[in-house]
Amino acid sequence: MRKIAMLLLCISQVVVHAQTLTVEKIMSDQKWIGSSPNNINWSWDSKSVFFQWNPDKKVADSFYVYTLNSKVPVAMAYNEAQLLTAIKNGAYNTQHTQITYSYKGDLYLLNTLNNRTIRITQTEENESNPKFIVNDEWIVYNKNQNLYAWQIATGLTQQLTNFSKSPEITSKATSQINRQEQFLQKQQLATSAILRQRKQKKEMVEAFLQSLKDKDTLRTIPVGDKQVQLLQVSPDGQVITYRLYTAPVNAKNTIVPEYITESGFTKEIAGRTKVGSPQGKYEWYVYNRKKDTVMKISFDSIPGSTDLPDYVKEYPAAATKKPAARAVVVTHTYWNEESSALIADVYSQDNKDRWLLLVNTDDGKLSPVNRQRDEAWIGGPGIGKYEANAGWIDNQTFYFQSEVTGYSHLYTYNTLTQKTIALTKGNYEVQDVVLGKSKQYFYLLTNEAHPGQQNWYRIKTDGSSKEKITGFIGGYEISLSPDEKYIAYRYSYINKPWELYIQENAPNKKPVQVTHKGMSEDFAAYPWRVTKIFTITARDGQPIYARLYEPKAGTKNNAAVIFVHGAGYLQNVHYWWSNYYPREYMFNNLLADKGYTVLDIDYRGSAGYGRNWRTGIYRYMGGKDLDDEVDAAHYLVKELGIDSSRIGMYGGSYGGFMTLMALFTQPDVFKAGAALRPVTDWAHYNHGYTSNILNEPFTDSIAYARSSPINFANGLKNHLLICHGMIDVNVHFQDDVRLTQRLIELGKDNWDIAIYPMEDHGFVEPSSWTDEYKRILKLFDTWIGK
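Residues numbered from 1 in each chain as written. Predicted model: local features only at pLDDT ≥ 70, side-chain atom pairs only at ≥ 80, totals over all residues. Heavy atoms only, no water.

## Side note on the overall build of the chain
- Across its full length, the chain carries 15 helices and 44 strands.
- In terms of overall dimensions, the chain is globule-like: its C-alpha atoms have a radius of gyration of 30 Å, near the 28 Å expected for 786 residues.
- Considered along the principal axes of its C-alpha atoms, the chain spans approximately 115 × 70 × 60 Å.
- In the chain, which comprises 786 residues, the proportion classed as buried is 52%.
- For the chain, contacts bridging at least 24 residues in sequence account for 57% of all contacts bridging at least 6.
- With the model as given, the accessible surface of the chain reaches about 37600 Å², and the carbon-plus-sulfur share is 51%.
- Each charge class in the chain was averaged separately, 87 positive and 82 negative side chains, and the resulting centres sit 2 Å apart. (Helix = DSSP H or I, 4+ residues; strand = E, 2+ residues; numbered from the N terminus. Rg over C-alpha atoms; globule rule 2.2 N^0.38 Å. Buried < 20%, exposed > 50% of the residue type's maximum accessible area, 1.4 Å probe, protein only. Contact = heavy atoms within 4.5 Å. Areas by Shrake-Rupley, 256 points an atom, 1.4 Å probe, with all protein chains shown as cover. Lys, Arg positive; Asp, Glu negative; His and termini not counted. Charge placed at Lys NZ, Arg CZ, Asp CG, Glu CD.)

## Considerations on the sheet that holds strand β31 (residues 453–460)
- An order of β29-β30-β31-β32 is seen for the four strands of this open sheet, with the pairing classed as antiparallel. Looking at which strands have only one partner, the edges of the open sheet turn out to be β29 (430–435) and β32 (467–468). (Pairing = 2+ DSSP bridges.)

## Some remarks on the pairing of β31
- Among the eight residues of β31, seven are classified as buried, and the element is accordingly described as predominantly covered.
- Where strand β30 (residues 441–450) meets β31, seven bridges bridge the pair, whose relative direction is antiparallel. Bridge pairing in β31 links Y443 to R458.
- Remark: two residues form the turn of the hairpin made by β30 and β31, two consecutive strands paired antiparallel.
- In this structure, β31 lies alongside β32, joined through two bridges in antiparallel fashion. Across the sheet, residue R458 finds its bridge partner in β32, namely E467.
- From the end of β31 to the start of β32, which pair antiparallel, there are six residues, and G463 there has a positive phi angle of about 95°.

## Let's talk about the packing of aromatic side chains
- One pass over the full model with this rule turns up 51 aromatic pairs.
- Aromatic pair Y476 and Y489: ring centres 5.1 Å apart, planes at 75°, arrangement edge-to-face. On the criterion of sequence distance, the pair formed by Y476 in strand β33 (residues 475–480) and Y489 in strand β34 (residues 486–493) is long-range, its members being 13 residues apart. For the residue pair Y476 and Y489, the accessibility class agrees, reading buried in each case.
- Over the face of the ring belonging to Y441 we find R458, whose NZ or CZ atom lies 5.2 Å from the ring centre.
- Here the guanidinium or amino end of K466 rests over the ring plane of Y457, the centre of that ring lying 4.8 Å away. (Phe/Tyr/Trp six-rings, centres within 6.5 Å; stacked < 30°, edge-to-face > 60°. Lys NZ or Arg CZ within 6 Å of the ring centre and 35° of its normal.)

## Examining the packing of helix α10 (residues 624–640) against helix α11 (residues 654–665)
- Where α10 contacts α11, the two axes come as close as 10 Å, and the packing angle between them is 70°. Our classification of the angle between α10 and α11 gives roughly perpendicular. Between α10, through D625, L626 and E629, and α11, the contact on the second element is made entirely by Y654, F657, M658, M661, A662 and T665.
- Residue classes in the contact of α10 with α11 are distributed as six nonpolar, one polar and two charged. (Axes fitted to C-alpha atoms, helices over the stretch in contact; angles between N-to-C directions. Parallel < 35°, antiparallel > 145°, perpendicular 65-115°, else oblique. Nonpolar A, V, L, I, M, F, W, Y, C, P; charged D, E, K, R; others polar.)

## Here we look at the pattern of salt bridges
- This structure, assessed with the given rule, holds 34 salt bridges.
- A salt bridge links R354 to D345; the shortest N-O distance between them is 2.9 Å.
- The exposure class of R354 is buried, given its relative accessible area of 0%.
- For D345, a relative accessible area of 0% corresponds to the buried category. (Salt bridge = Lys/Arg side-chain N within 4 Å of Asp/Glu carboxyl O.)

## Considerations on the nonpolar core
- With 65 residues, the main nonpolar core has I562, L599, F670, W682 and L720 as its most contacted residues.
- Take this core: its biggest share by element is eight residues, from α11.
- Setting aside anything within four residues of it in sequence, one finds I562 in contact with L599, E629, A632, A633, L636, I647, G648, M649, Y650 and F670.
- Judged by nonpolar contacts, the second largest core, of 40 residues, contains F523, Y756, I776 and I784. (Core = buried A, V, L, I, M, F, W, Y, C linked by side-chain atoms within 4.5 Å.)

## Section: the sheet that holds strand β8 (residues 116–119)
- Pairing within the open sheet is antiparallel, and its four strands lie in the order β5-β6-β7-β8. What marks the edges here is a single partner per strand, and that holds for β5 (91–92) and β8.
- The sheet contact formed by β5 and strand β6 (residues 98–103) spans two bridges and is antiparallel. Pairing of A91 across the sheet is with T100, part of β6.
- Strands β6 and β7 (106–111) of the sheet are contacted by helix α3 (residues 78–88), whose axis makes an angle of about 125° with β6.

Shape descriptors only; they carry no functional weight alone.
Below is the structure:
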């Protein structure tokens, strides 16, 4: 009996130890948590799934493969996985009997019927982006910024473009100087018979030599120092489109000093430009190989090209200027299968307009298919300059996504009837779209059940017969098998990390769990909270989605911490595993164990809630988004009995910015805050992100003035901790250096800064994470925890 009692005591001690969280434990090497699979892909034959995984806690992830109906995944060689990845990224022919792909810079052709592979190229040069054209008889590919084609039947290789770095040829009628030269030339010829005779002989010789040339001689297209981009060819091989990019002049880059180096000397890391820096210029051309003509397409006359944004009304001098056509960029091009229609996806460079334009490649005429205008900025799932869900269902029907209703939904446009039809609708987002190979169905990932829940659906391409395929509550990352019979997906829940599942791609089918290592025994020993997800009513009546970490009964200390997620456009209140490494999730559990009530909200600007929420921070970061945090703090006091003098805040990146704005502008609400890697002045952040939200500093100074914490530093009354990596190439350490000087000059003495000389924006060293979060915990324990 005594032995049994001793054994139970030992077990009890082990369990208690395992269930006690410490900063050192949760910030240690993340392998202690377990290993979730990632980068899920199918083999080309739909018989197996390969992915990266680290169940044995090695230095890095390895590749594993799971064959359908087998018992467990097995390790696979790195080169084998790379080959399967290359094939997965390849292109099918129309009948799906062949795949062409690029592997290690060479091209291959795989016959899917007999599993035989032909090597097309074996060169020192890099050949890429192969696809089938001309009734699947040729394979076209990129090499050295030119297009080449390989004929499958004969093995003939043909060069389709010849871009030259020689200066572009321009019309002599384009400048006063050239008109002067033209006049002098005509004058000379008019006054000298010998000159006229010599010119005539020269032209006759040139005409004779030209007549001897092979009719198939390739046109040379001079581009000078411009970059050739977006090089595409029509399915019939007759028309080539391309984009030329001219890099900006005098666009100054930042420098990030790296102080701790192997050499002992300070190293300069090349940084980025700042918002408002000169931008590059884009041009778009159509090269008709049959006619041997090159035509530059003008977008100056497209509907709305000269429209000014509404904010300029606040700047009378700008509002009275005669509007000019805005700079645009073609981001994607889409040919139908019979090469009878080409649609260009065009964005204004100020990102307030997106046009889908039908392009007549004979005369350059542009016909509007769809215009999306957003006074804030174009965005949302499936809509963007870099990734867009769009393409042809058949030779007359084009599909795309739009936020015209306030939520990103799927639409079709018929080029014959010129009618647009909404295939989905409602107060939810279509977050991913896959067109089936038969082009009879779309497969959709949406959050229609709840903003924080995802599911996979099948819907006919006419919008009918929608069926739900997945059934778990949580989040999914789905990969459709090439034969479309199965789906492989990563699934997770609030307190359950990602695992791999296989399921038949049909409703009411039972999934098979493939991996079981997302949570180690050590990690599973702690009862991770299933956080309550609910809504708080904002001051303007809008629901703010929130998650709550509650202390155990009898441990509540009546203090609260609000965690602010980073990135701005990110969703953190949901039913799946954290988008972060789970450090913040674990730290919030630790805080709750110590008696703190922890709240995490999806403030204005967060993802998952449609256009109005997405753009709620336009021209005022630290405005409605901070109002949401203040309303959340008031909820804590009114509904949960939190002491209003004991509310703290912490967050990184955008969350760090929000923490600064909270302490500088709302000192009566937030008594302590930890701002991690924060933006302190938006005029010093990058162009792509910042110009969308605040326009440019010299065109919308009002937006920058009210959105930058450094301008409100005098409002600091309570206790602030700043933490920043010194080699941060995203939000530069310079931001906090400038804020430090500002606080010194203001005579503030209730703040601290911790610097991390060897860390970038996202820390990598457990020692740095541990130091940072011990300081955060000490801040809260000292100023609001007692």
